[in-house]
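# Residue-level structure breakdown
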Amino acid sequence: STTLEKQKKVLALAQNPEYTKEHLEPTALMSLWKKISSHRSSIVFRRPVNPKEAPGYTDRIAFPMDLSLIRKMIVARQVKSYADLHQR
């Protein structure tokens, strides 16, 4: 896929009611979170970056995000839709 095709697919998501629907319960979002966090490539994203291991990281990244923070945000209902996950 070209970059333009990928951008079109992302924009098309906004038209999908399932993507933008606010979930009353976090079950579906947690299910997606579990699939992502159990992926073999996710290990480096499961916990916050340690500033001692990555000097300068916090200077470059204004709002660090990791899978543990995303889980907390789903549980706290700060994330209520798939679109919310994408915007974070």
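Quick summary incoming for the structure in this document. (Residues numbered from 1 in each chain as written. Predicted model: local features only at pLDDT ≥ 70, side-chain atom pairs only at ≥ 80, totals over all residues. Heavy atoms only, no water.)

### Brief notes about the overall build of the protein
Of the regular secondary structure elements, the protein holds six helices and zero strands. When the helices and strands of the protein are placed in sequence order, the string is α-α-α-α-α-α. Reported as C-alpha extents along the three principal axes, the dimensions of the protein are approximately 45 × 35 × 25 Å. For the protein, the proportion of contacts with a sequence separation of at least 24, taken over those separated by at least 6, is 57%. (Helix = DSSP H or I, 4+ residues; strand = E, 2+ residues; numbered from the N terminus. Contact = heavy atoms within 4.5 Å.)

### Looking at helix α5 (residues 67-75)
An α-helical segment advances 3.6 residues per turn. Residues three or four places apart therefore align on the same side. For α5, the set of buried residues is Leu67, Ser68, Ile70, Met73 and Ile74. Buried residues belonging to α5 abut α3 (27-37) and α6 (82-87). A positive backbone phi angle near 65° is found at Arg77, which sits one or two residues after α5. (Buried < 20%, exposed > 50% of the residue type's maximum accessible area, 1.4 Å probe, protein only.)

### Notes on the packing of aromatic side chains
Applying the stated criterion across every chain yields a total of zero aromatic pairs. The positively charged end of Arg71 is found above the aromatic ring belonging to Trp33, 5.8 Å away from the centroid. (Phe/Tyr/Trp six-rings, centres within 6.5 Å; stacked < 30°, edge-to-face > 60°. Lys NZ or Arg CZ within 6 Å of the ring centre and 35° of its normal.)

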